[in-house]
Protein chains: 2
Amino acid sequence: MTRSFSVQAGGILDSFIMQLAEEGSKPGMISFATGLPDSSLFDLEGLAGSAREIVLRSGKEILQYGSTAGYYPLRERLAGYCRRKLGFDASPENIILTNGSQECFDLVGRLFLNRGDLMAVENPGYLGAKQCFSAYGPRFKGVDIGPGGIDVPGLEALVKEGAALFYSIPNHQNPSGYSYSDQVRRETASIISGSDCVLVEDDAYGELGFSGRAGRTMKSMAPDNIIFTGSFSKILSPAMRIGWMAVPGWMAGQAVKTLEASSLQPGTLCQAIAEDYLSKTDYGAYVRRLRKVYRGKMEIFTDLMEDYLKDYVTWNIPDGGMFIWMKSPEGTDAMRIYRSCIEKGLAVMPGEPFHISGGKNTIRLNFATPSEEQMRAGMKILRSACQESDPRAKSGL
Amino acid sequence: MTRSFSVQAGGILDSFIMQLAEEGSKPGMISFATGLPDSSLFDLEGLAGSAREIVLRSGKEILQYGSTAGYYPLRERLAGYCRRKLGFDASPENIILTNGSQECFDLVGRLFLNRGDLMAVENPGYLGAKQCFSAYGPRFKGVDIGPGGIDVPGLEALVKEGAALFYSIPNHQNPSGYSYSDQVRRETASIISGSDCVLVEDDAYGELGFSGRAGRTMKSMAPDNIIFTGSFSKILSPAMRIGWMAVPGWMAGQAVKTLEASSLQPGTLCQAIAEDYLSKTDYGAYVRRLRKVYRGKMEIFTDLMEDYLKDYVTWNIPDGGMFIWMKSPEGTDAMRIYRSCIEKGLAVMPGEPFHISGGKNTIRLNFATPSEEQMRAGMKILRSACQESDPRAKSGL
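Structure report, in brief. Keep in mind that this is a model prediction, so the values were computed, not measured. Going along each chain's sequence as written, the residues are numbered from 1 onward. Lettering for chains starts from A, numbering for ligands starts from 1, and both go in the order in which the items are written. With the structure being a predicted model, the display of local features is reserved for residues of pLDDT at least 70 and the display and counting of side-chain atom pairs for 80 or more, all residues being used for whole-chain, interface and lining totals.

Looking now at the sheet that holds strand 9 (residues 243-246) of chain A. Residue and element names in this part refer to chain A. Here the rule is simple: two strands pair whenever DSSP picks up at least two bridges between them. Secondary structure elements follow DSSP: runs of H or I of four or more residues count as helices, runs of E of two or more count as strands, with numbering from the N terminus. What the eight strands build is an open sheet, ordered 2-9-8-7-6-3-4-5; its pairing is mixed. At either end of the open sheet lies a strand with only one pairing partner, and these are strand 2 (95-98) and strand 5 (149-150). Summarising the sheet, strand 6 (residues 165-168) and strand 7 (residues 198-202) pair through four bridges and their orientation is parallel. From the neighbouring strand, Tyr 167 faces strand 7, where its bridge partner is Val 200. Contacting strand 3 (118-123), strand 4 (139-146), strand 5 and strand 6, helix 7 (residues 152-160) runs over the sheet at an angle of about 160° to strand 4. Any pair of residues counts as being in contact when their C-beta atoms, constructed from backbone geometry, are within 7 Å of one another. To get an axis, a line is fitted to the C-alpha atoms, and for a helix only the part in contact is used. The angle between two axes follows their N-to-C directions and goes from 0 to 180 degrees.

Okay, here's the thing in structure tokens:
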């Protein structure tokens, strides 16, 4: 049998993400490519204990069907977190738990995108979210992002043009590592507020600011137009698939009904495990440890870049998250560096697929996953690949 | 802010399912309404033990990101199960694990339905699946189902008319409890084979046949045109959200890419817990116990129906699953019985929402969830509601 696939399936963007995850996991391959957190930071004993205890303590109802919006005690906890730490009002009724934040993006696309709608995305921007939204057939247009955040007039023009959605990661962005300045946050919220555009504020890395949160949430400035999305994947464990979103009241009912249609309910057992774990954990201390470890890894990584790469490429020093944004000289093709690295045993993530336009000379590097030894060995490969690809490089250097 | 929702979100069917789950869980309310398994059958100790052990034994990689198609050892187990027990060839590459089988239906809709496509569904048929598919805007047409299965010529006509999909539950169907006869299975597979129609064979209740499986899988007769879907929700625990599908090779690549876009990956931690549990369990004995308990509950339930309801309504004796299909006299409105029951403290599921056409005099009853005491108390309420609604009933009866 050969059957053609639907328009929406045919229109889904290709993604390097899973392909690279596989390439990066081949024996002997070093990976700076993925978006994986450092698994050595996961609290194996703590989560194993909570997994057993919550099942025994809660009884069989914890294994039964639950509600579409997720495990209520965790929704309560997150609503309190929104009010106390994120600066915006929320009740459990505004909090929807999902199977990872990818399901939040799918829900938002389903709720708001008709085929052909204009959608604003950061340029470069997170490929996984764009792949998700692409199933709904929007016309993506890019808003350039740099070290202080997005090009605000660029966003303003797209909102005026009728953009239905704007997807943003204001803290330690994937792929660039850039964070929005306070002024950019205020201006972005002001543009969105009162418009017909819904902003998705993806906070996947918000907890991983090396000096605490990088800035105020935009959700606190334009609550009615903003869907705030969070995830435990970078904090507790991605395999638990716990994403969440804080939605304005006017969309909560339709959001839950739409989610019921696509997945009935999320994984309430893992949500209950997480809630048990969080109730026993000093979350502040836990997160400070993650920040400290990631900052240390970033410093080692960028020191090695300084040692090995400074003659060939430039990069930024991020204030949190997991990523460094590397640029080879203007006019060069970083895909050559990528291919050369793969041949030599290092996976890196080419930057061009994250772009609506441009970015041929960019590469995303993840400093969170590799060990120090892997960083050193990988950096040698990366230098060699940069040398080969650099038109200015002297032979024999 | 008020923003209109998208065409696909606006087109999603209403569902009584979650609403009734909530009504049924109000204090003091007895429920014959839901599709919940009997939670007293869940193996609390066993699952709690596996949850702890798999995390400690597998180490931190079990908490890390996994693959879009799910936890490989469980895919291997299910492929073997397909070959040995379900009669069709499958390798782990044909098996895709999902967040519950609802995600399978969403994936199938996304892969194959363009807005306006013709889609065949059983009449009556499972409302949750129709709600899921409705987001993709098909024109549903019904194939009547009775005690021996579907009206085969009805299906044949729809396939000739160009149906893109046919969604079926051949074993102990939801809502009717009916199973397809062997002849209907063969004829259905023959119609589908070589056509452009993809059949979804939903096996949610296939393991719960009181005398074993009710018949051969249609997947074994027309493997290239059939997506077989299974679920651990009725076997181990719904809160673990483990659904799975066996797909023909020609669609596996596109299916995984499409699923990556919508959810990145399923809940591999719960999949690993299930795999550990299954590796330690005599699955045959486990399932035989479920069958025995459900058969016993069905017998008690239908004995009570005989005692209380035989003057007012008719029903079938199912050969497995969780449901009994009750009919009030032709021309009566079972919604009156439903509303009367709710007022008196019993939730039942009206049958009309499961229908494309007809079914005003039908009600779905779940015998798997209530205790014997609840059955007895609920049956009294149901009799009283039937009496009130029966135009033939004598006053004072």
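Continuing now.
Residues reaching a pLDDT of at least 70 in both copies supply the C-alpha atoms on which the copies are superposed by least squares. Rotating chain B by 180° and translating it 0.0 Å along the rotation axis places it on chain A, where the RMSD comes to 0.0 Å. The symmetry that links the two subunits is that of a two-fold axis. Interface overlap between copies: 100% of the residues of chain B at the interface are likewise at the interface in chain A, consistent with a symmetric, same-surface contact.

Residues and elements named next belong to chain A. At a closest axis distance of 10 Å, the pairing of helix 7 and helix 8 (residues 182-192) adopts a crossing angle of 10°. Between helix 7 and helix 8, the angle falls in the class roughly parallel. In contact with Val 152, Leu 155, Glu 156 and Val 159 of helix 7, helix 8 contributes Val 184, Glu 187, Thr 188, Ile 191 and Ile 192. Residue composition of the contact of helix 7 with helix 8, by class: six nonpolar, one polar and two charged. If an angle is under 35 degrees, it is roughly parallel; if it is over 145, roughly antiparallel; if it lies from 65 to 115, roughly perpendicular; otherwise it is oblique. Gly counts as polar in this scheme, as do all residues outside two lists: the nonpolar Ala, Val, Leu, Ile, Met, Phe, Trp, Tyr, Cys and Pro, and the charged Asp, Glu, Lys and Arg.

As a further point, take the interface of chain B and chain A. Taken residue by residue, the interface counts 71 residues in chain B and 71 residues in chain A. Broken down by secondary-structure element, the contributors of at least two residues to the side of chain B that touches chain A are helix 1 (7-10), helix 2 (17-24), helix 3 (44-58), helix 5 (101-112), helix 6 (127-134), helix 9 (249-263) and helix 10 (268-280) of chain B. Residue composition of the side of chain B that touches chain A, grouped by class: 33 nonpolar, 26 polar and twelve charged.

Another aspect to go through is helix 5 (residues 101-112) of chain A. All names here are of chain A. For helix 5, with twelve residues, the first-to-last C-alpha span of 17 Å sits near the 16 Å given by 1.5 Å per residue. We call a residue exposed when 12 or fewer other C-beta atoms sit within 10 Å of its C-beta, buried when the count reaches 20 or more, and partly exposed for counts in between; the C-beta positions come from the backbone. Burial of helix 5 is extensive: twelve of the twelve residues sit out of reach of the surface. All of the buried residues in helix 5 are Ser 101, Gln 102, Glu 103, Cys 104, Phe 105, Asp 106, Leu 107, Val 108, Gly 109, Arg 110, Leu 111 and Phe 112. For a helix, the expected span equals 1.5 Å multiplied by the number of residues minus one.

What follows is about the nonpolar core. In terms of nonpolar packing, the biggest core is built from 244 residues, with Leu 165, Ile 273, Ala 274 and Val 348 of chain A together with Leu 165, Ile 273 and Val 348 of chain B touching the most fellow members. If one sorts the elements of this core by residue count, helix 10 (residues 268-280) of chain A sits on top with seven residues. Once you skip the residues sitting within four places of it in the chain, Ile 273 of chain B turns out to touch Leu 47, Ser 50, Ala 51, Ile 54 and Met 240 of chain B. A set of buried Ala, Val, Leu, Ile, Met, Phe, Trp, Tyr and Cys residues, joined to one another through C-beta atoms within 7 Å, is what we call a nonpolar core.

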